[in-house]
Amino acid sequence: MFRICPCDFIKDGCVFLLPRPGKEVLFMKKRFSLLMGLTLVFTLLAGCGNGGSASSTPTASDGGGHALTVGIVQLAENGAFSDMRQGFIDHMRELGYDESKMSFVFQEAGGDVATLNTICQSMVDKHVDLLVTIATPATQAAVNLDTDIPVFFISVSDPVAAGIITDMDHPDKNATGTSNAIPVGDIFKLAAQITPDVKTYGILYNTSETNSVTTVAKAKDYLDEQGLKYVEKVVTNSAEVQQAAQALADQADALYVPNDSMIQSAMPQVVDAATAAGIPIYGSSPVMVASGALATVSTSDPAIGALTADMVDKYLTGTAVADIPAVVDQNHITVVNSATAQALGITIPDSLNATTIGG
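Below, the structure is looked at part by part.

Criteria and cut-off values
Residues numbered from 1 in each chain as written. Predicted model: local features only at pLDDT ≥ 70, side-chain atom pairs only at ≥ 80, totals over all residues. Heavy atoms only, no water. Buried < 20%, exposed > 50% of the residue type's maximum accessible area, 1.4 Å probe, protein only. Helix = DSSP H or I, 4+ residues; strand = E, 2+ residues; numbered from the N terminus. Arc of directions from axis to C-beta. Contact = heavy atoms within 4.5 Å. Core = buried A, V, L, I, M, F, W, Y, C linked by side-chain atoms within 4.5 Å. Lys, Arg positive; Asp, Glu negative; His and termini not counted. Salt bridge = Lys/Arg side-chain N within 4 Å of Asp/Glu carboxyl O. Polar contact = N/O pair within 3.5 Å; in protein donor to acceptor, adjacent residues only side chain to side chain.

### Describing helix α9 (residues 267-277)
Part 1 of the reasoning: Within α9 the residues assigned to the buried category are Met267, Val270, Val271, Ala273 and Ala274. One face of α9 carries all of its buried residues, which in axial projection span an arc of 165°. Turned more than 90 degrees away from the buried face of α9, the exposed residues are Asp272 and Ala276.
Part 2 of the reasoning: Residues of α9 that are buried sit in contact with β8 (200-206), α7 (241-249), β10 (254-256), α8 (261-265), β11 (281-282) and α10 (286-290).
Part 3 of the reasoning: At the C-terminal side of α9, Gly278 shows a positive phi close to 70°.

See below:
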């Protein structure tokens, strides 16, 4: 017969009984009891096979369990990510997960990928119950750890291309979440309405972010189909953004910035370069527009965070991660910065159904 104590060795959610005389393991004198005890040990060990991948769904504290800890991770701090994170947290609270049932641990990596990997590992070491990742780099870092902690991502533009999951309808790798697939065609159609004389677009992005690369590929395909020209500049770190933006502004009639966390964090420098050249910027998020870009067609950042919260709630109420399809958010909004339009002498058409900011 065995008695499991708090001091027994625990690994990957499994309890290993280590004999310590007179303490954790008590042997009955009768051979039958010893045999039953050994059977129990082998049963426990068998249940821990496959790295604990068959772990049960945690549930929020209801008087009998512990309050869940949710780790939230992102590569860098910017307005869009902040809105997504807050949208997620606010909706979890609305769903009934108050402080007694759920707490949040948030960390961001300051734009450094090595730090991002360290943060994700530290979340695993802290045994958080769930990982919530914002955008592609953080999600890749978390999923690549291959743990039994489920990952729920917010705003990954192409989860399959990024290697996060292999099937949107039947997500694997213990991960699912929301995609903000950028409607590049709609953005350039909007640009044609507002600034129809643009013939050449300057595209600025960071090649190390899969989300940026895939979005830019779609943008170039669209521009090729429309017979429009483009020039591009790529950057590998934030120190290169200002010079690249200035070079593009001298060659293009307008700039386009994809969903790129590095560029988004440096938007004031991009806006300064474009304003000095008297050309507009078309961005990929409302926060870019709030930072001085002229306009975008995009998902709502708080809303996509809330959408991921709904998926977490579904998991916590008994649905397996693999049975929660990843979702592409199709609820797009058009946002225009009226102050930027005025500064550039651009008239926004009255027929445009858009949310106006900056006025």
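Read on for the rest.
### Things to note about the nonpolar core
Part 1 of the reasoning: Grouped together as the largest cluster of nonpolar side chains are 26 residues, with contacts concentrated most on Phe88, Phe152 and Leu316.
Part 2 of the reasoning: Apart from residues lying up to four places away in sequence, Phe152 is in contact with Leu130, Leu131, Val132, Thr133, Thr176, Thr308, Met311, Val312, Tyr315, Val321 and Ile324.
Part 3 of the reasoning: If you look at the next biggest cluster of nonpolar residues, it comprises 25 residues, including Val184, Ala219, Val297 and Ala341.

### Here we look at the side chain of Asp260
Part 1 of the reasoning: For Asp260, the position within the fold is in the loop between β10 and α8.
Part 2 of the reasoning: We note that Asp260 is buried and unpaired, the nearest opposite charge coming from Lys220 at a distance of 13 Å.
Part 3 of the reasoning: A distance of 2.6 Å separates the side chain of Asp260 from the backbone nitrogen of Asn206, its partner in a polar contact.
Part 4 of the reasoning: Of note is the side chain of Asp260, whose polar atom sits 3.0 Å from the backbone nitrogen of Met262.

### Focus: unusual backbone geometry
Part 1 of the reasoning: Positive phi outside glycine occurs at Ala135, with the angle close to 75°.
Part 2 of the reasoning: Note on placement: Ala135 falls in the loop between β5 (130-134) and α4 (136-143).
Part 3 of the reasoning: Classification of Ala135 as buried rests on a relative accessible area of 8%.
Part 4 of the reasoning: Phi is positive for Asn174, close to 60°, though the residue is something other than glycine.
Part 5 of the reasoning: As for its placement among the helices and strands, Asn174 is situated in the loop between β6 (151-154) and β7 (175-179).
Part 6 of the reasoning: According to the relative accessible area criterion, Asn174 is partly exposed, its value standing at 27%.

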